[in-house]
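Here is what each chain is made of, one letter per residue.
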Amino acid sequence: MDWHEHIALRAALEWQVELGVVDAVGETPVDRYAEPPVKPASANKAAGPAVVPPAAAPVAEVDAVAEAVAAAAAAQDLPDLQARLAAFDHCELKRGARNLVFSDGVAGARVMIIGEAPGRDEDREGRPFVGRAGQLLDRMLAAIDLSRDSSVYITNVLPWRPPQNRDPTAEEIAMMRPFVARHVALAKPDLVLLMGNISCDAGLMKRGITRLRGQWTESYGVPALPMFHPAYLLRNPRAKRDAWADLLSLKHHLEAGS
Ligand code: URA
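Remember, predicted model here, so these are calculated numbers, not experimental data.

Rules used in this analysis
Throughout this document, residue positions are counted from 1 along each chain, in the order its sequence is written. Since the coordinates come from a predicted model, pLDDT governs what is reported: local features require at least 70, and pairs of side-chain atoms require 80 or more to be given and counted, while whole-chain, interface and lining totals use all residues. The side-chain figures draw on all heavy atoms in the structure; neither hydrogens nor water molecules are used. To qualify as a helix, a DSSP run of H or I must reach at least 4 residues; to qualify as a strand, a run of E must reach at least 2; elements of each kind are numbered from the N terminus. Think of it in three bands: with a 1.4 Å probe and only protein chains considered, a residue is buried below 20% of the maximum accessible area for its type, exposed above 50%, and partly exposed in between. Whether two residues are in contact is decided by their heavy atoms, any of which lying within 4.5 Å being enough. For this analysis, a salt bridge means a side-chain nitrogen from Lys or Arg found within 4 Å of a carboxyl oxygen belonging to Asp or Glu. Summary of the distance rule: residues count as near a molecule or strand when at least one heavy atom falls within 4 Å of that molecule or strand. Here a polar contact is taken to be a pair of N or O atoms separated by no more than 3.5 Å, where protein atoms must pair a possible hydrogen donor with a possible acceptor and residues adjacent in sequence count only if both atoms sit in side chains. In these tables, accessible area is a Shrake-Rupley quantity obtained with a 1.4 Å probe, and a residue counts as shielded only by the protein chains included in the view. Ten residues, namely Ala, Val, Leu, Ile, Met, Phe, Trp, Tyr, Cys and Pro, are considered nonpolar, four, namely Asp, Glu, Lys and Arg, are considered charged, and the remaining ones, Gly among them, are considered polar. Two strands pair under a simple rule: DSSP has to find at least two bridges between them. Every axis in this analysis is a line fitted to C-alpha atoms, fitted for helices over the stretch in contact. Angles between the N-to-C directions lie between 0 and 180 degrees.

Colleague: What is the right way to read the overall build of the protein from this model?
Modeller: Counting secondary structure elements, the protein contains eleven helices and six strands. Within the span of the protein, comprising 258 residues, buried residues form 38% of the whole. Nonlocal contacts in the protein, meaning residues at least 24 apart in sequence, comprise 71% of its contacts between residues at least 6 apart.

This is the structure we're talking about:
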């Protein structure tokens, strides 16, 4: 048998085992009733009572979303929330990430930005929006006199970088949503900016940023403005025009509410 044949046969066998096959069926029928009963290993020992192995304890299924809800609800303030997130072990992304990326900027600022997930630079530094998209975000904010140093608080839906920057799964978003909701409740912004589709998914249970952007709505109990993600703007510079309109809308909203 050559190597390719070996791999193909092995894959076919593994597939069958996955389907639940437990016995190999040969070409000649076998009368199992005529076979001697299989003795437990302990029966081969000289004497003594048969040892019945203890039944394996059933593995309890963990409801990761329920765990996240409980952990987030217990957080008393932002450092406590960060600590509870760091201790949360049900999200596989944590294992592949270098750092927990919790937040940046001014806690308690009127504007809270919710991005998607850390990329390579953010994972390395442990701060959101520090790569190219983050630099564009800073320029966008500066255009309406906002800055993470004085007037904006920033976080992401996911605190850990997904491998190869892949999109987070629905399960990962559902698991992190309670933490984001608690994050907003504890940071108490006047409004949130939902940057991109993942952020809209978590905050509005909707995607379709081209349709959603620029339309004020409510999310996490406060006014919310969906906007194009700066990474999208880097790839599609023509969309900057819409982003500029949304920034002006944000500025008016802040002025009207001050
Ligand atoms: N994109 C995001 O959504 N968040 C970051 O922190 C970086 C890039």
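Colleague: Hey, could you run me through the pattern of salt bridges in this one?
Modeller: If you walk through the whole model with that rule in mind, you get 15 salt bridges. Salt-bridge contacts for R95 lead to E92; the nearest nitrogen and oxygen are separated by 3.3 Å. Under the relative-accessibility criterion, R95 is labelled partly exposed at 49%. Residue E92 is classed as exposed on the basis of its relative accessible area, which comes to 55%. A salt bridge links D201 to R207; its shortest N-O distance comes to 2.8 Å.

Colleague: Before we go on, may I ask you to explain the site of the ligand in this structure?
Modeller: Inspection of the region around the ligand gives G115, E116, A117, E122, P128, F129, N156 and H229 as its neighbouring residues. Contact distances for the ligand include 3.2 Å between a nitrogen atom and a backbone N or O atom of A117. Here an oxygen atom of the ligand and a side-chain polar atom of H229 are 2.7 Å apart. Burial of the ligand by the protein chains amounts to 91% of its free accessible area of 240 Å². Classifying every residue of the shell around the ligand gives three nonpolar, three polar and two charged.

Colleague: Sorry if this is basic, but what is going on with unusual backbone geometry here?
Modeller: Peptide bonds are trans in most cases, and residues, glycine excluded, mostly fall at negative phi. A positive phi angle is found at D145, which is not glycine, with a value near 60 degrees. Here D145 shows up in the loop between α6 (132-143) and β3 (152-156). You will see that Y220, though not glycine, has its phi angle at about 50 degrees, which is positive. Residue placement: Y220 occurs in the loop between β5 (217-219) and β6 (222-227).

Colleague: What am I meant to see in the environment of S199 here?
Modeller: Within the secondary structure layout, S199 lies in helix α8 (residues 197-204). When the C-alpha positions of S199 and R177 are compared, they lie 9.7 Å apart, and in sequence the two are 22 residues distant. Apart from residues no more than four positions distant in its own chain, S199 is found in contact with I114, G115, E116, V157 and L194.

Colleague: I tried to follow the sheet that holds strand β4 (residues 191-195) on my own but got confused; where do I start?
Modeller: In a beta sheet, neighbouring strands pair by backbone hydrogen bonds and run either parallel or antiparallel. Taken in spatial order, the six strands make up an open sheet running β1-β3-β2-β4-β6-β5, and their pairing is mixed. Unpaired on one side and paired on the other, β1 (104-105) and β5 mark the two borders of the sheet. Where α8 meets the sheet, it contacts β2 (111-115), β4, β5 and β6, and its direction lies at approximately 130 degrees from that of β4.

Colleague: Which parts of the structure should I look at to understand the pairing of β4?
Modeller: Consecutive side chains along a regular strand alternate between the two faces of the sheet. Across the five residues that make up β4, a large majority, five, are buried. With four bridges joining them, β2 and β4 adopt parallel strand pairing. In the strand pairing of β4, I114 is matched with L194.

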